[in-house]
Amino acid sequence: MSASVCLLGTLPVAAAENTAKVTSLMSKDLPNYPGKEGLMISVEYGPGGSDPIHKHDANAFVYVLEGSIVMQVKGEKEVTLSPGETFYEGPSDIHLVSRNASTTEPAKFIVVLLKNKDAPVVLPVE
């Protein structure tokens, strides 16, 4: 989830080879929660791929499809996730580590974000 992510379509990423390819799969207003929306994205890391430190002003639910990814939010231990495993990131969490665990194989995961409508998907953290 690169710092240059927008809301819909194939989401742009930074030019570096090790950044994520992010694709929007679905966006839906949540009528029972005025002003909120659900967004489902696919994230693909090439071998050795990663994202810079960032945060989401959203509840983020991650499900690994293929390969293995390493995740860590500030104040928690780093975890390595394999296909079928999940990860949660809250609206105030700072995502310190988000990377492919392999330097030879790709990794792919799905993220479902529950967020304020029209809010950025990702916010860079200095």
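One can find the structure itself at the top, above this paragraph.
A short tour of the structure in this document, coming up. Only a predicted model underlies this, so the values are computations on that prediction, with no experimental measurement involved.

### Some thoughts on the overall build of the protein chain
Argument step 1. Secondary structure summary: the protein chain contains zero helices and eleven strands in total.
Argument step 2. Looking at the protein chain as a whole, 37% of its 126 residues are labelled buried.
Argument step 3. On the protein chain, roughly 6,600 Å² of surface is accessible, and the fraction owed to carbon and sulfur atoms is 56%.

### Concerning the nonpolar core
Argument step 1. Residues Val-43, Ile-69, Phe-109, Val-111 and Leu-113 are the most contacted members of the largest nonpolar core, which totals 20 residues.
Argument step 2. Contributions of two or more residues to this core are made by strand 3 (36–45), strand 5 (58–66), strand 6 (69–73) and strand 10 (107–116).

### Digging into unusual backbone geometry
Argument step 1. We note that Asp-118 has phi near 65°; this positive angle belongs to a residue other than glycine.
Argument step 2. Tracing the backbone shows Asp-118 in the loop between strand 10 and strand 11 (123–124).
Argument step 3. Residue classification places Asp-118 among the exposed positions, given a relative accessible area of 57%.

### Quick look at the pattern of salt bridges
Where side chains of opposite charge bring their charged atoms close, a pairing between them can arise.
Argument step 1. Within this structure, the stated rule accounts for four salt bridges.
Argument step 2. Between Glu-78 and Arg-99 there is a salt bridge; the shortest N-O distance is 3.6 Å. Of this pair, Glu-78 sits in the loop between strand 6 and strand 7 (79–81) while Arg-99 is found in strand 9 (residues 94–100), placing the two residues 21 residues apart along the sequence.
Argument step 3. A relative accessible area of 31% means that Arg-99 is categorised as partly exposed.

### Some points on a nonpolar patch on the surface
Argument step 1. A surface patch of nonpolar side chains, amounting to about 260 Å² of accessible area, comprises Leu-25, Met-26 and Met-40.
Argument step 2. Summarising the element assignment, Leu-25 is placed in strand 2 (residues 21–29).
Argument step 3. By relative accessible area, Leu-25 is classed as partly exposed at 45%.

### Structural notes on the environment of Ser-102
Argument step 1. Residue position: Ser-102 is located in the loop between strand 9 and strand 10.
Argument step 2. Considering only alpha carbons, one finds Ser-102 and Gly-67, 35 residues apart in sequence, at a separation of 7.7 Å.
Argument step 3. Among residues more than four places away in sequence, those in contact with Ser-102 are Pro-47, Gly-48 and Ser-68.
Argument step 4. A polar side-chain atom of Ser-102 sits 2.9 Å from the main-chain amide nitrogen of Thr-104.
Argument step 5. A polar contact is formed between the side chain of Ser-102 and the backbone nitrogen of Glu-105, at a distance of 2.9 Å.

### A word on the pairing of strand 2
Argument step 1. Pairing of strand 2 with strand 3 involves eight bridges; the strand directions are antiparallel. Directly across from Ser-27, in strand 3, lies its bridge partner Leu-39.

### Topic: the packing of aromatic side chains
Argument step 1. Applying the stated criterion across every chain, the model contains two aromatic pairs.
Argument step 2. With 5.2 Å between their ring centres and 55° between their planes, Phe-61 and Tyr-88 make a pair best called tilted. Separated by 27 residues along the polypeptide, Phe-61 in strand 5 and Tyr-88 in strand 8 (residues 86–89) bring together distant segments of the chain.
Argument step 3. Here Phe-61 falls in the partly exposed class, since its relative accessible area comes to 40%.
Argument step 4. The class for Tyr-88 is partly exposed, based on a relative accessible area of 39%.

Cut-off values and rules
- Residues numbered from 1 in each chain as written.
- Predicted model: local features only at pLDDT ≥ 70, side-chain atom pairs only at ≥ 80, totals over all residues.
- Heavy atoms only, no water.
- Helix = DSSP H or I, 4+ residues; strand = E, 2+ residues; numbered from the N terminus.
- Buried < 20%, exposed > 50% of the residue type's maximum accessible area, 1.4 Å probe, protein only.
- Areas by Shrake-Rupley, 256 points an atom, 1.4 Å probe, with all protein chains shown as cover.
- Core = buried A, V, L, I, M, F, W, Y, C linked by side-chain atoms within 4.5 Å.
- Salt bridge = Lys/Arg side-chain N within 4 Å of Asp/Glu carboxyl O.
- Patch = residues over 30% accessible without salt bridge, like charges linked within 9 Å, V, L, I, M, F, W, Y side chains within 5 Å.
- Contact = heavy atoms within 4.5 Å.
- Polar contact = N/O pair within 3.5 Å; in protein donor to acceptor, adjacent residues only side chain to side chain.
- Pairing = 2+ DSSP bridges.
- Phe/Tyr/Trp six-rings, centres within 6.5 Å; stacked < 30°, edge-to-face > 60°.

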